[in-house]
Amino acid sequence: MLIIMKSGSTREDVDRVRDVIRGLGFDSRPLPVAERLAVGVVGYDEAPHPDLFEALPGVDLVLPVNHAARRVGRQARDGDTVVRVGDVEIGAGTLTLVAGPCAVENEDQLMSVARLAREAGADLLRGGAYKPRTSPYDFQGLGEDGLQLLAQAGRETGLPVVTEAVDEASLALVEEYGDVIQIGARNMQNFELLKRAGKSRRPILLKRGMAAGLEDLLMCAEYVLDAGNPDVILCERGIRTFSDHSRFTLDLAIVPVLERLTHLPVFVDPSHASGRRGSVGPLARAAVAAGADGVMIEVHPDPVAALCDGPQSLRPEEFAALAANLRELAAVVSRVRETVS
Ligand code: PEP
Ligand code: MN
């Protein structure tokens, strides 16, 4: 646990915090975090309640992490990180909609979804050219040919493209053809890939691993920022639980926690979380209500014929109706937030 002090906090404020920690029977270590003082609490099995510290004079923020979230934590900067891609501003208060097929299959498929996504008001086009599939016998993606089609779709529609890199070689190509580099759930903790992503000038969409906790996710983002790339978008996409009614369990509870702890924008992917078309709309609405900065949705012109993730893909007209609905909802939710804060 890390207790971040306000910039104007005094020596006495820090000593008071350390006294409380000592009174609880734990050790503490003062450490500088992004030009501010912080106090690390060490030697506990169960973390003390944040309320014990949050009310003390000079305390800004209590982070429930063991490692210093030096760059991703809210203490690292004032305000939110806004990721700019073309004309799109991610994390600036308006809802970002990302839509497109799971995988790029051919020119007709991609171009038709891209046009319809743009007409429906999507901000970014998604589509995988490198697909990390459970089975080696499943469609693995079109590789560089798929990236070329994505670049063409991006040019024709004006939509910036989000596409996944699965290793350092594909990252170099995604960097060339795409606008936002996705690091998928299965690669979230591929630390060498994260370091390479940190050298890129393209924003990174970092999806939460299906067995990753809050600190795991934040620390992976920390790798990217630490290597020099400040533009990271986090994405909740469902975690493994014992539930067997949906593909994964969408952990919406992480959205407000991330909002409190980090300045980075947060997206939600209800398509991979649920695996079911019928659940995508309700979960997308719930994500917007929970405060997500963006929602990523799979769309396919003919889901039955899709080479990947057909059962969770919306038809273009279904996406159009949902997109309009989410925009209306986002406006209402942001008004509610203004009145409560
Ligand atoms: C995807 O978005 O195409 C994808 C494979 O998602 P995830 O990494 O979350 O499974
Ligand atoms: Mn998919």
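Keep in mind it's a predicted model, so treat the numbers as computed, not measured. (Residues numbered from 1 in each chain as written. Chains lettered and ligands numbered in written order. Predicted model: local features only at pLDDT ≥ 70, side-chain atom pairs only at ≥ 80, totals over all residues. Heavy atoms only, no water.)

Engineer: Help me understand the coordination of the manganese ion (ligand 2) in this model?
Structural biologist: Note on metal geometry: ideal angles are 109.5 degrees for four donors arranged tetrahedrally and 90 or 180 degrees for six donors arranged octahedrally. For the manganese ion (ligand 2), the full set of protein donor atoms is Cys102 (SG), His272 (NE2), Glu298 (OE) and Asp309 (OD), at a range of 2.0 to 2.3 Å. Linear spacing of the donor residues for the manganese ion (ligand 2) on their chain is C-x169-H-x25-E-x10-D. Of this pair, His272 sits in helix α9 (residues 270-274) while Glu298 sits in strand β14 (residues 294-298), and the two are 26 residues apart along the sequence. Looking at His272, the relative accessible area reads 8%, which means it is buried. (Donors = N, O, S within 2.8 Å, 3.2 Å for Na, K, Ca; no water. Helix = DSSP H or I, 4+ residues; strand = E, 2+ residues; numbered from the N terminus. Buried < 20%, exposed > 50% of the residue type's maximum accessible area, 1.4 Å probe, protein only.)

Engineer: Would you mind going over the site of ligand 1 with me for this structure?
Structural biologist: In the neighbourhood of ligand 1, the contacting residues comprise Arg126, Lys131, Glu164, Gln182, Gly184, Ala185, Arg186, Lys207, Arg237, His272 and Met296. Interatomic distance of 2.9 Å between a side-chain N/O atom of Lys131 and an oxygen atom of ligand 1. One of the backbone N or O atoms of Ala185 is found 2.8 Å from an oxygen atom in ligand 1. Protein contact buries 96% of the 300 Å² of open area that ligand 1 shows by itself. (Near = heavy atom within 4 Å. Polar contact = N/O pair within 3.5 Å; in protein donor to acceptor, adjacent residues only side chain to side chain. Areas by Shrake-Rupley, 256 points an atom, 1.4 Å probe, with all protein chains shown as cover.)

Engineer: Quick question: what am I supposed to make of the layout of surface pockets here?
Structural biologist: Leftover empty space is mapped by rolling, across the atoms, a probe with the size of a water molecule. Estimated volume of the largest pocket: approximately 530 Å³. Of all the secondary-structure elements, those providing two or more residues to the lining of the largest pocket are α8 (254-261), α10 (277-290) and α11 (316-340). Broken down by element, the residue count for the lining of the largest pocket peaks at seven residues, all from α11. A breakdown of the residues in the lining of the largest pocket according to their chemical character gives twelve nonpolar, eight polar and seven charged. Here the second largest pocket defines a volume of roughly 220 Å³. Along the walls of the second largest pocket sit 17 residues, with Lys131, Pro132, Arg186, His272 and Asp309 positioned nearest its centre. Its residues assigned to classes, the lining of the second largest pocket comprises four nonpolar, four polar and nine charged. (1 Å grid on protein atoms, 1.4 Å probe; cavity = no way out; pocket = protein on both sides within 12 Å on 5 of 7 lines; lining within 4 Å. Points joined across faces, edges and corners; volume = space filled by probe spheres on them. Nonpolar A, V, L, I, M, F, W, Y, C, P; charged D, E, K, R; others polar.)

Engineer: Whenever I open this one, the pattern of salt bridges confuses me. Can you help?
Structural biologist: Pairs may arise between side chains of opposite charge once their charged atoms sit close together. Throughout the structure, instances matching the rule amount to 19 salt bridges. For the salt bridge of Glu89 with Arg84, the shortest nitrogen-to-oxygen distance reads 3.0 Å. By relative accessible area, which is 53% here, Arg84 ends up exposed. Here Glu298 makes a salt bridge to Arg126, at a shortest N to O gap of 3.4 Å. One end of the pair, Glu298, is in strand β14; the other, Arg126, is in strand β8 (residues 124-126), with 172 residues separating them in the sequence. A relative accessible area of 3% places Arg126 in the buried class. A single salt-bridge network, built from bridges that share partners, covers Arg74, Asp80 and Glu259. (Salt bridge = Lys/Arg side-chain N within 4 Å of Asp/Glu carboxyl O.)

Engineer: What is the right way to look at helix α1 (residues 11-23) in this model?
Structural biologist: Helical geometry note: an α-helix holds 3.6 residues per turn, so side chains three or four residues apart project in the same direction. Between the first and last C-alpha of α1 there are 18 Å, a value that for 13 residues agrees with the 18 Å anticipated at 1.5 Å per step. Burial in α1 covers these residues: Asp13, Val14, Val17 and Ile21. Down the axis of α1, the buried side of the element spans an arc of 100°, and every buried residue falls inside it. Turned more than 90 degrees from where α1 packs its buried face, Arg22 and Gly23 sit exposed. (Expected span 1.5 Å × (residues − 1). Arc of directions from axis to C-beta.)

Engineer: Can you help me understand the pairing of strand β3 (residues 36-42) in this one?
Structural biologist: Sheet faces and side chains relate simply in a regular strand, where the side chains alternate between the two faces. In terms of burial, β3 is a largely internal element, five of the seven residues being buried. As judged from the three bridges shared by strand β1 (residues 2-5) and β3, these two strands associate in the antiparallel manner. Bridged to Ile3 within β3 is Val39. (Pairing = 2+ DSSP bridges.)

Engineer: Just to check I follow, could you spell out the domain arrangement of the protein chain for this structure?
Structural biologist: One frequently used descriptor of interface size is the decrease in accessible area upon assembly of the parts. Partitioning the protein chain into structural domains gives domain 1 (2-69) and domain 2 (83-340). Placing a centre on the C-alpha atoms of domain 1 and another on those of domain 2 gives a separation of 35 Å. Taken together, the contact between domain 1 and domain 2 spans ten residues of the former and seven residues of the latter. Across the domain 1/domain 2 interface, buried area totals approximately 670 Å², and carbon plus sulfur atoms make up 60% of it. Joining domain 1 to domain 2, the criterion identifies one salt bridge. Here Glu54 ties to Arg260 by a salt bridge, and the two come within 3.4 Å at their closest N and O atoms. Taken together, domain 1 and domain 2 are joined by one residue pair in polar contact (both at pLDDT 80 or more). The element contributing the most residues to the side of domain 1 that touches domain 2 is strand β4 (residues 59-63), with three residues. Within the side of domain 1 that touches domain 2, the residues separate by chemical class into seven nonpolar, two polar and one charged. (Domains from an automatic or database assignment. Contact = heavy atoms within 4.5 Å. Buried area = accessible area lost by both parts, 1.4 Å probe.)

Engineer: Quick question: what am I supposed to make of the sheet that holds strand β12 (residues 232-236) here?
Structural biologist: Sheet strands line up and pair through hydrogen bonds in the backbone, either parallel or antiparallel. If you walk around this closed barrel you meet the eight strands as β7-β8-β9-β10-β11-β12-β13-β14, and the pairing is parallel. Across this sheet, the average inter-strand angle for adjacent strands is 25°, counted without regard to direction. Of the strand pairs in this sheet, strand β7 (residues 96-100) and β14 are connected by five bridges, and their pairing is parallel. Bridging across to β14, Val98 finds its partner in Met296. Strands β9 (161-164) and β10 (180-183) of the sheet are contacted by helix α5 (residues 168-177), whose axis makes an angle of about 150° with β10. (Axes fitted to C-alpha atoms, helices over the stretch in contact; angles between N-to-C directions.)

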